[in-house]
Amino acid sequence: MKTNGNGSPWMISVFLLVIFLGGWHLLTLRTSFDAKGKTEEQLQMLEFNGDIVRAEAGGYAWNPEKMKGVPGPLAVVEKARVELSEAFVIKGTNDHGIGYLVLYTVSRFAGGFLAASVVAIIFGVLLGLNRVLFRAVNPFIQVLKPISPLAWMPLLLYTVKDPKWTAVLVVFMAAVWPTLATTAFGVSSLKKEYLHVAAILQLSWFKRLYRVILPGAAPTIVNGLRIAFGSALVAVVPAEMLLGELGVGYLSWIEWNNLDIAGVIFAILVVGVVGVILDSGFNKLAGLVTYQE
Amino acid sequence: MSDGDGNSSRTMAVSPRADAEKAESSDEHLERTIERAVAGAVIRAADPSRRRFLTAMGAAALTALVAELLPLKEFAAFAADPVGKPEKTDLNIAFIPITCATPIIMAEPLGFYRKHGLNAKVKRAAGWAMVRDWAINKDVDAAHMLSPMPLAITLGAGSVPVPFYMPAVENVNGQAITLHNKHKGVTTAADMKGFRFCVPFDYSMHNYLLRYFLAEGGVHPDKDVQIRVVPPPEMVANLKAGNVDGYLAPDPFNQRAVYENAGFIFKLSKEIWDKHPCCGFAISKEFASQYPNTFLALFRSIVDATNYASNPAHRKEIAEAIAPTNYLNQPVTVLEQVLTGTYADGLGAIKKDPGRIDFDPYPWHSMAIWIMTQMKRWGHLKGEVNYSAVAEQVYRAADCDRIAKELGYPTHQGVMAKHTIMGREFDATQPDAYVRSFKIHSMA
């Protein structure tokens, strides 16, 4: 940590966070309930509708259960505390703890992403090694690549007839094209010298693939995987929302449907944290296979 | 061994065959008896020349042929006494988180499924299209559906045609027209020209009642207003955001709008048609014939739970049972206001109407016929419709009453009731004339 005139980035991060939370708190503060000027009948009406509750000291206070507008940071922290304390509790078919929801989302994401990566790398290498085939198939890849993975969802649901597998396939669709395109590109633009050396050494086809082609194209393939990773992560949340499959994406939708905005903010934070953890894990793995020329 | 009573001496030496007969469950025996009876009846009814042909076919082949047309296994299940053991006990039942589903939902926490030998779990869906897809794709064994949905699915309107049953209605009444707070001055349908409305599904009582109400007031629902399909849970959020002017929605979302100070209750649906059907319990014909005893046990649980929910004394207990996150995920006060009928209308008054929502399982065929006349009226059904045949196939009125009688609940006379909708009487025996009587419609 350098402590010269510019200050440390950590300090600035913390400072920004404090400013943000403080501002959020102040903007969402609610004045306490004032019964002045209200008739007994109006007060009864407010109480009946759950707007206010009788305070212990007598008089009325706003019902803390009922949010008005955007909840403050303290309400979100309280929501998070409750949710995290029951992270691994299953209260019924439709109410699984947040820990399980994260697990469902991560496994759905991992299944779709891994399957897509394997398929894309295999076909990418085949296309990259055969220039004519690559040029023949490329127009199709270019058309299929920009289609939003969610646009496939109704068709997938109709043909697969199973929402669980449909969600995984939506992730698959999001992840397969970037990896396929970049792998084919990476393999086809391998330095000619590498292949010449391999030919001179008379390596078998299999050895050539493992010793020369894949390592040579690895930086490009990893770049493709990184793009695929991002788009798969983006796809998994709306797929859960639309299909009603339990997961963190569905959590945010259910909280919205119930107008529990603190719950929505909590769900967004969970999606963010899950994304960061998955992303750093991916970067560690990517570091193992890339190299500096 | 019911036929072995006369000659008890023979039972001393038990033959292997008699052993096998004894081992044969009473279920199978009953099934065979029914098969024989049906085959016999068909042969007797045929004229002499055909009779020879049918006899030559043999009872088994004939039964198979008849079974194509008549669900014999279901008949056997209904005739079985004591109740046959369910073939499948672990079940998933889809529901939408609304008070209409009360009997289906509460049957889990209050133990009605368990009482009838089932381990059923209810699975929450986020919209009616999702329920339809789950039901058709067999992700769930049975489902809470809007009362027009089993008719629409059976007829292939808005989906591939799949024969469905609606063994029981869940709730009658229980909907309302809710308008945004900015429309507090609105008094008639004519004031609503240019509004943007939400309904939960195309094939819903909500849609048909809203259209009926608007059209009676001279407003064409396809020309003078916009009607959009929005899943019930999203309606309040949309109303709050000002995306829509109002909706005809299932509760608790009308009361929830008042609770959120976003809207007011303009009209309860019972003011349009008192005792109209709303939601129902639906199951595919395939499931019912594949697992007849399970179907029957489910049917019993539902009739039992629905009648239990009908008793006003049970409503508070029910509100607490279905409020948690796993079911409706709503504030208890909102559910209580809906279920007890003592509610804030959003205009500053507390109203009392115990009939705001009620529960009655009996699926009158006349209800199905009314729904189909409206499907026809608004272009959801094209061509000739055999109203009473479809109603009889989908709405299992006779079976429902048989179970009600067995469980000691009230039964009904006939399958056609007189319905009065906004002062106009509906004669279910004249559906075509009824459809033609409307000036405002969207028929080609």
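Residues numbered from 1 in each chain as written. Chains lettered and ligands numbered in written order. Predicted model: local features only at pLDDT ≥ 70, side-chain atom pairs only at ≥ 80, totals over all residues.

Visitor: Lay out the overall build of chain A in plain terms, naming residues and giving numbers.
Guide: Regarding its fold elements, chain A presents 11 helices and four strands. Structurally, chain A occupies a C-alpha span of about 95 × 60 × 35 Å along its principal axes. Out of the 293 residues in chain A, the part that is buried amounts to 32%. If you take every contact in chain A between residues at least 6 apart in sequence, the share linking residues at least 24 apart comes to 70%. (Helix = DSSP H or I, 4+ residues; strand = E, 2+ residues; numbered from the N terminus. Buried ≥ 20, exposed ≤ 12 C-beta atoms within 10 Å, placed from the backbone. Contact = placed C-beta atoms within 7 Å.)

Visitor: Account for the overall build of chain B, with residues named and values stated.
Guide: The helix and strand tally for chain B stands at 20 helices and 16 strands. Look at the contacts in chain B between residues 6 or more apart in sequence, and 78% of them connect residues 24 or more apart.

Visitor: Mind laying out the nonpolar core, listing which residues take part and the relevant values?
Guide: Counting 192 residues, the largest nonpolar core has Val170, Val171 and Ala232 of chain A together with Ala282 of chain B as the members making the most contacts within it. Excluding residues within four positions of it along the chain, valine 170 of chain A makes contact with Pro149, Leu150, Trp152, Met153, Leu156, Ala235 and Ala239 of chain A. (Core = buried A, V, L, I, M, F, W, Y, C linked by C-beta atoms within 7 Å.)

Visitor: Tell me about unusual backbone geometry, and name the residues and values.
Guide: Residues and elements named next belong to chain B. With an omega of 15 degrees, the peptide bond between aspartate 251 and proline 252 qualifies as cis. Here proline 252 shows up in the loop between β9 (246-250) and α12 (253-259). A positive phi angle, close to 65 degrees, is found at lysine 138, a residue other than glycine. Taking the number of C-beta atoms within 10 Å as the measure of exposure, lysine 138 has 13 and is therefore partly exposed. A positive phi angle is found at lysine 275, which is not glycine, with a value near 70 degrees. Within the secondary structure, lysine 275 sits in the loop between β10 (263-268) and β11 (279-284).

Visitor: For the interface of chain B and chain A, give the residues involved together with the corresponding values.
Guide: Residue-level contacts link 25 residues of chain B with 20 residues of chain A. Of the residues that constitute the side of chain B that touches chain A, the class distribution is 12 nonpolar, six polar and seven charged. (Nonpolar A, V, L, I, M, F, W, Y, C, P; charged D, E, K, R; others polar.)

Visitor: Explain the sheet that holds strand β3 (residues 142-146) of chain B to me, using residue names and the numbers behind them.
Guide: All names here are of chain B. Read from one edge to the other, the open sheet built from five strands follows the order β2-β1-β3-β11-β4, with strand pairing classed as mixed. Two strands close off the open sheet at either side, each with one partner strand: β2 (119-124) and β4 (164-169). Taking the axes of each pair of neighbouring strands and ignoring which way they run, one obtains an average angle of 30 degrees across the sheet. Most of the contacts of helix α8 (residues 128-136) go to β3, to which it runs at about 145 degrees, and overall it touches β1 (90-95), β3 and β11. Of the strands in this sheet, β3, β4 and β11 touch helix α14 (residues 292-310), which is tilted by about 30 degrees from β4. (Pairing = 2+ DSSP bridges. Axes fitted to C-alpha atoms, helices over the stretch in contact; angles between N-to-C directions.)

Visitor: I'd like a description of helix α11 (residues 232-240) of chain B, backed by residues and values.
Guide: Three or more residues of α11 of chain B are buried, namely Pro232, Pro233, Met235, Val236 and Leu239 of chain B. Projected down its long axis, α11 of chain B shows its buried positions confined to an angular sector of 160 degrees, all on one face. Residues of α11 of chain B that are buried in the fold lie against α10 (248-257) of chain A together with β6 (175-180), β7 (196-199), β9, α12 and β10 of chain B. Glycine 242 of chain B sits one or two residues past α11 of chain B and shows a positive phi near 75 degrees. (Arc of directions from axis to C-beta.)

Visitor: Give me the lowdown on the sheet that holds strand β8 (residues 226-229) of chain B, citing residues and values where you can.
Guide: Residues and elements named next belong to chain B. Here five strands make up an open sheet; going across it, the order is β8-β7-β9-β6-β10 and the pairing mixed. Across the chains shown, the open sheet's two edge strands, defined by having one partner strand only, are β8 and β10. For this sheet the average axis-to-axis angle between neighbouring strands, irrespective of direction, equals 25 degrees. Inspection of the sheet shows β6 paired to β10 by five bridges, in the antiparallel sense. Looking across to β10, one finds that alanine 176 is bridged to leucine 268. Running at roughly 135 degrees to β9, helix α10 (residues 205-216) makes contact with β6, β7, β8 and β9 of the sheet.

Visitor: Tell me about the packing of helix α9 (residues 205-243) of chain A against α10 of chain A, and name the residues and values.
Guide: Residues and elements named next belong to chain A. Contact pair α9 / α10: the axes reach a minimum separation of 7 Å and the direction vectors enclose 55 degrees. In this view, α9 runs oblique relative to α10, as classed from their interaxial angle. Relative to α10, α9 is oriented so that their crossing is right-handed. Here α9 contributes Val236, Val237, Pro238, Ala239, Glu240 and Met241 to the contact with α10, which in turn contributes Gly249, Tyr250 and Trp253. Partitioning the contact of α9 with α10 into residue classes produces seven nonpolar, one polar and one charged. (Parallel < 35°, antiparallel > 145°, perpendicular 65-115°, else oblique. Left-handed = near helix turned anticlockwise from the far one by under 90°.)

Visitor: A description of the pairing of β1 of chain B should follow, citing residues and the corresponding values.
Guide: Residues and elements named next belong to chain B. With six bridges connecting them, β1 and β2 associate as parallel partners. Each bridged residue has a counterpart across the sheet, and for phenylalanine 95 the counterpart in β2 is arginine 124. The pairing of β1 with β3 spans two bridges and is parallel. If you follow isoleucine 93 over to β3, its bridge partner there is alanine 142.

Visitor: Account for the confidence of the model for chain A, with residues named and values stated.
Guide: Averaged over every residue, the pLDDT of chain A is 84; residues scoring 70 or more account for 96%. Of all the helices and strands in chain A, helix α8 (residues 192-200) of chain A carries the lowest mean pLDDT, 77, while helix α4 (residues 98-129) of chain A carries the highest, 91. (pLDDT = per-residue confidence, 0-100.)

Visitor: Could you give an account of the environment of valine 385 of chain B, with specific residues and numbers?
Guide: With respect to the helices and strands, valine 385 of chain B occurs in the loop between α17 (365-377) and α18 (387-394). Apart from residues lying up to four places away in sequence, valine 385 of chain B is in contact with Met372, Lys376 and Val390 of chain B.

Visitor: Report on the environment of serine 204 of chain B, specifying residues and quantitative values.
Guide: Residue and element names in this part refer to chain B. With respect to the helices and strands, the residue serine 204 is situated in the loop between β7 and α10. Here the alpha-carbon distance between serine 204 and alanine 152, two residues 52 residues apart in the chain, equals 9.7 Å. Not counting residues within four places of it along the chain, the set of residues in contact with serine 204 comprises Leu146, Pro148 and Val199.

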